[in-house]
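# What the coordinates show
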Amino acid sequence: MSLHKSKDPYADRCPIRDVLERLGDRWSMLVLFTLEEGGTLRFSVLKSRIADISQRMLAQTLRRLEQDGLVSRTVYATVPPRVDYALTELGTSFLQPMHGLLDWAKAHHQDVHAARRAYTAPEAIEAR
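Residues numbered from 1 in each chain as written. Predicted model: local features only at pLDDT ≥ 70, side-chain atom pairs only at ≥ 80, totals over all residues. Heavy atoms only, no water.

## A word on the pairing of strand 2 (residues 71-76)
For strand 2 and strand 3 (residues 82-87), the ladder comprises 6 bridges, and the chain directions are antiparallel. Among the inter-strand pairings, Ser-72 is bridged to a residue of strand 3, identified as Ala-86. In textbook terms, the turn of a hairpin is the stretch between consecutive antiparallel strands, and for strand 2 and strand 3 this stretch comprises 5 residues. (Pairing = 2+ DSSP bridges. Helix = DSSP H or I, 4+ residues; strand = E, 2+ residues; numbered from the N terminus.)

The structure is reproduced here in structure tokens:
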């Protein structure tokens with residue numbers, strides 16, 4: 001969900017905005033990379049591998065990723081019901097270019113943190 005609704009009529013059709021708005025949230029990439037690493041996983045396993053995500057947020061994230069065609073959900077008629085999640089072909093293809101971003105983040109994580117520590121915000125100009 002976006003806090004800012006663009007007035008640009010093209011915004012709703014813009015591929016960059018559309019995809020990044022959905023996948024640029026806090027959890028989607030972590031869920032996708034976890035599924036890539038672990039293969040088909042049950043909800044509880046996903047939850048344990050992403051320790052700081054709440055159950056509610058994981059469920060919402062998985063629903064959105066399923067809606068976008070990046071994750072598949074398979075329900076087995078057992079007691080209790082078993083639900084498995086896996087990357088789809090579309091999800092796998094999405095992660096291919098994302099590995100470059102992941103590699104960059106790993107290589108420059110300390111640099112970004114150092115820049116944040118060194119940053120001094122400009123002083124506000126007093127209104128006269």
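## Let's talk about the packing of helix 2 (residues 28-38) against helix 4 (residues 55-67)
At a closest axis distance of 10 Å, the pairing of helix 2 and helix 4 adopts a crossing angle of 75°. As the angle between them shows, helix 2 and helix 4 are arranged roughly perpendicular. Of the residues in helix 4, those in contact with Ser-28, Val-31 and Leu-32 of helix 2 are Leu-58, Thr-61, Leu-62, Arg-64 and Leu-65. (Axes fitted to C-alpha atoms, helices over the stretch in contact; angles between N-to-C directions. Parallel < 35°, antiparallel > 145°, perpendicular 65-115°, else oblique. Contact = heavy atoms within 4.5 Å.)

## Regarding the layout of surface pockets
Empty space within the largest pocket amounts to approximately 390 Å³. Taken together, 14 residues form the lining of the largest pocket, with Met-29, Leu-30, Phe-33, Leu-101 and Leu-102 sitting closest to its centre. Contributing elements (two or more residues each) for the lining of the largest pocket: helix 1 (15-23), helix 2 and helix 5 (89-118). Tallied by class, the residues present in the lining of the largest pocket amount to 10 nonpolar, 1 polar and 3 charged. (1 Å grid on protein atoms, 1.4 Å probe; cavity = no way out; pocket = protein on both sides within 12 Å on 5 of 7 lines; lining within 4 Å. Points joined across faces, edges and corners; volume = space filled by probe spheres on them. Nonpolar A, V, L, I, M, F, W, Y, C, P; charged D, E, K, R; others polar.)

## Digging into the packing of aromatic side chains
What the rule picks out here adds up to 0 aromatic pairs. For the cation-ring pair, Arg-82 lies above Tyr-76, with the distance from its terminal atom to the ring centre recorded as 4.7 Å. (Phe/Tyr/Trp six-rings, centres within 6.5 Å; stacked < 30°, edge-to-face > 60°. Lys NZ or Arg CZ within 6 Å of the ring centre and 35° of its normal.)

## Section: the packing of helix 2 against helix 5
Running from N to C, helix 2 and helix 5 point in directions that differ by 110°, and their axes come no closer than 12 Å. As judged from the angle between their axes, helix 2 and helix 5 are roughly perpendicular. Side by side, helix 2 and helix 5 meet where Met-29, Leu-32, Phe-33 and Glu-36 of the first sit next to Phe-94, Leu-95, Met-98, His-99 and Leu-102 of the second. By residue class, the composition of the contact of helix 2 with helix 5 is 7 nonpolar, 1 polar and 1 charged.

## With respect to the sheet that holds strand 2
Reading across the sheet, the 3 strands line up as 1-3-2 and stay open at both edges, with antiparallel pairing between neighbours. The open sheet has two edge strands, strand 1 (41-42) and strand 2, and neither has a second partner. Summarising the sheet, strand 1 and strand 3 pair through 2 bridges and their orientation is antiparallel. Bridging across to strand 3, Leu-41 finds its partner in Tyr-85. Across the sheet, helix 2 is in contact with strand 1, strand 2 and strand 3; its angle to strand 3 comes to roughly 95°.

## Thoughts on the pattern of salt bridges
One pass over the structure, following the stated rule, counts 2 salt bridges. The residue Arg-64 makes a salt bridge to Asp-25 at a minimum N-O spacing of 2.8 Å. Pair noted here: Arg-64 is in helix 4 and Asp-25 is in the loop between helix 1 and helix 2, with a separation of 39 residues, a long-range link. Judged by its relative accessible area of 22%, Arg-64 is partly exposed. (Salt bridge = Lys/Arg side-chain N within 4 Å of Asp/Glu carboxyl O. Buried < 20%, exposed > 50% of the residue type's maximum accessible area, 1.4 Å probe, protein only.)

By themselves, these are just geometric observations and shouldn't be taken as functional.
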